[in-house]
Every structure is written in structure tokens, then in C-alpha cells.
Amino acid sequence: MADLTPSERYRLIVNTVTPRPIAWVVTQGKDGTRNCAPFSFFNALGDDPPLIVLGLMANHATGDAKDTARLIRETGEFTIALVGEADGEAMNLTAIDAPPGIDELELARIATLPSLLITPPRIASAPVSFECRTWQIIDAGPRSTVVLGEIVAMHIDDAFLIPGAAGRPPRIDTPAMKLIGRQHGAGMYVRNSDSFEMKRVSWPLPDD
Ligand SMILES: Cc1cc2nc3c(=O)[nH]c(=O)nc-3n(C[C@H](O)[C@H](O)[C@H](O)COP(=O)(O)O)c2cc1C
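Given the structure is predicted, the values throughout are model-derived calculations rather than measurements.

*Asks:* Got a minute to help me understand a nonpolar patch on the surface in this structure?
*Replies:* On the surface, M1, L12, I13 and V17 cluster together into a nonpolar patch covering about 370 Å² of accessible area. Structurally, I13 is set in helix α1 (residues 6-14).

*Asks:* Is there a simple way to explain the sheet that holds strand β6 (residues 77-82) in this structure?
*Replies:* Strands in a sheet are paired, the pairing made by backbone hydrogen bonds, and the direction either parallel or antiparallel. The sheet built from 7 strands is open, its strands ordered β3-β2-β6-β9-β10-β5-β4 with antiparallel pairing. Single-partner strands in this sheet number two, and they are β3 (34-39) and β4 (42-47). Averaged over neighbouring strand pairs, the angle between their axes works out to 30° when direction is ignored. In terms of strand pairing, β4 meets strand β5 (residues 50-57) through 5 bridges, oriented antiparallel. Opposite F42, over in β5, you have L54 as the bridge partner. Contacts from helix α2 (residues 67-75) reach β2 (23-28), β3, β5, β6, β9 (128-141) and β10 (144-156), with the element oriented near 55° to β2.

*Asks:* Can you walk me through the pattern of salt bridges in this structure?
*Replies:* Scanning the model with the defined rule gives 6 salt bridges in all. Here D67 ties to R70 by a salt bridge, and the two come within 3.3 Å at their closest N and O atoms. One end of the pair is D67 and the other is R70, both in helix α2 and 3 residues apart, which spans about a single turn. The class of D67 is buried, set by a relative accessible area of 11%. According to the relative accessible area criterion, R70 is partly exposed, its value standing at 35%. Where E77 meets R133, a salt bridge forms, and the shortest distance between an N and an O atom there is 3.9 Å.

*Asks:* When you look at the site of the ligand in this model, what are you seeing that I'm missing?
*Replies:* For the ligand, the set of nearby residues contains 17 residues, the closest of which are N35, P38, S40, F41 and T68. Backbone polar atom of F41 to an oxygen atom of the ligand: 2.7 Å apart, as the coordinates give it. Contacts to the ligand include T68, whose side-chain N or O atom sits 2.5 Å from an oxygen atom. Alone, the ligand offers 640 Å² of accessible surface; in the complex the protein occludes 89% of this. At the level of elements, β3, β5 and α2 are the ones that each hand at least two residues to the shell around the ligand.

*Asks:* Explanation requested: the side chain of E77 in the structure shown.
*Replies:* For E77, the location among the structural elements is in strand β6. Given a relative accessible area of 14%, E77 falls into the buried group. For E77, the side chain forms a polar contact with the main-chain nitrogen of T119, separated by 2.9 Å. Ignoring anything within four residues of it in the chain, the contact list for E77 reads T27, I72, L117, I118, T119, P120, C132, R133 and T134.

*Asks:* In this structure, what is going on with the environment of C36? I would like to understand it.
*Replies:* Counting through the fold element by element, C36 comes out in strand β3. Separated by 134 residues in sequence, C36 and P170 have C-alpha atoms that sit 31 Å apart. Setting aside residues up to four positions removed in sequence, C36 forms contacts with W24, V25, V26, T94, E104, L105 and I123.

Rules used throughout
- Residues numbered from 1 in each chain as written.
- Predicted model: local features only at pLDDT ≥ 70, side-chain atom pairs only at ≥ 80, totals over all residues.
- Heavy atoms only, no water.
- Patch = residues over 30% accessible without salt bridge, like charges linked within 9 Å, V, L, I, M, F, W, Y side chains within 5 Å.
- Areas by Shrake-Rupley, 256 points an atom, 1.4 Å probe, with all protein chains shown as cover.
- Salt bridge = Lys/Arg side-chain N within 4 Å of Asp/Glu carboxyl O.
- Helix = DSSP H or I, 4+ residues; strand = E, 2+ residues; numbered from the N terminus.
- Pairing = 2+ DSSP bridges.
- Axes fitted to C-alpha atoms, helices over the stretch in contact; angles between N-to-C directions.
- Contact = heavy atoms within 4.5 Å.
- Buried < 20%, exposed > 50% of the residue type's maximum accessible area, 1.4 Å probe, protein only.
- Near = heavy atom within 4 Å.
- Polar contact = N/O pair within 3.5 Å; in protein donor to acceptor, adjacent residues only side chain to side chain.

Functional significance is not addressed by these values, which are geometric in nature.
Structural data, given as C-alpha cells:
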């Protein structure tokens, strides 16, 4: 790794760590400017506190921080939507390298709903969205900002909730959400529809 350029390392990582979930992030500056972009250096990290992580790289051409990184630093708040197949093209449009101040939500005609606990709105069509506050920012390198965010509220579209038996909470119909993930290469995606089941093994192992 030490002998490679950052772009060579990037190619090796994104073509092997697959599929990656996509965080569709909405931020809002103190002046009210809204911003939206997707990030697949993203995952959930734990439940107490309920943490997520985002890997935000600097703009390849200019070396400047991306608007998302700048606005998360400024406000400490952001929403994350998970991306269903139906939102794929709109998500892709919001990855456009637009100058600061351009509202990608407006550009891609994306409807939003107000958040409960934070200022940035959330994407209305998303099957699931999280309201997040910054938990910690790690300046991992001159071109690499790692944001750890705490999920302070979560929204799931009622269409994906299966009523539980008496006194039990509803179950989540994950396959029905048709979430997509990022695959190898620059423009490849994967559908979340090829699941198979493997039961967990418990100790002691069964006899032969
Ligand atoms: C599916 C997808 C995943 C992406 N993942 C990342 C990522 O993990 N980190 C990153 O820095 N950029 C990522 N990008 C690129 C950003 O979305 C893009 O640079 C965007 O213009 C940043 O917008 P902003 O400057 O408004 O924050 C991704 C793009 C796409 C289409």
C-alpha cells in the first residue's frame, strides 16, 4: 500500500469491498443552504450508542473538502436515507460535482419531510432514514475525513412494517424495501434481492 498512489489504493478497495450500502446524506448550512450527496464508504458500527460511519474524501480535482464534510463540521447534523431501487437515478444525480451552494435536492426534484430532532430535512421517498448528530470527526489524512454519527431518530415507511403478534413490536420487511448497494467499478450497483439463509451454529457442535 505504501508504494501506491491514493487513486490506485482507491481502485483496489472499491473493487473488492463490495457490496457497500449507500448513505444518501442531506445537510443544511446555518444560512439555510441545503446539500445532498451519496456516500458508500458507509456502515453501521454499533447500538449503544447507535453509530454510523461515513468516509468523506476530498474532491479529487481540487483537493477541497466536499460540501457534505464542510456542512457536517459547521452544524454537527445530517440525515441519511437508504436508497431503494426507485430512488437510484435521483441518488445518482445528487452525486454531481456541483459548486457549493447548489441545492441537489432541488436539482433532482427530491421531496423532503422535516426531521423531528435536527434541522436538515430527510428524503420523503426513502424506505428508511436516520437523523444523525456528529459523535466524532477524525481527520484521518489531508484528503480523508471520517465522520462517526449517532443516530438520534429513525424513520421507517409504514409500508415496510409487518404488524407483530399481540404485544410484540412490528417486524421490518427488509426485502420489500428493495435497497441498492454500490458494486465494483464507477457505476455498478447491486440489488438487495439475492438473499440466502444460513443458520447460526451454537456450541457445542452437534455430534457427527
Ligand atoms: C453511489 C456513490 C457513492 C459514493 N461514495 C462516496 C464516498 O464514500 N466518499 C466520497 O467522498 N465520495 C463518494 N461519492 C462521490 C460523492 O457523492 C460526490 O463527490 C459528491 O459530489 C459530493 O457532494 P458534496 O460536495 O455536495 O458533498 C459517491 C458517489 C456515488 C454515486
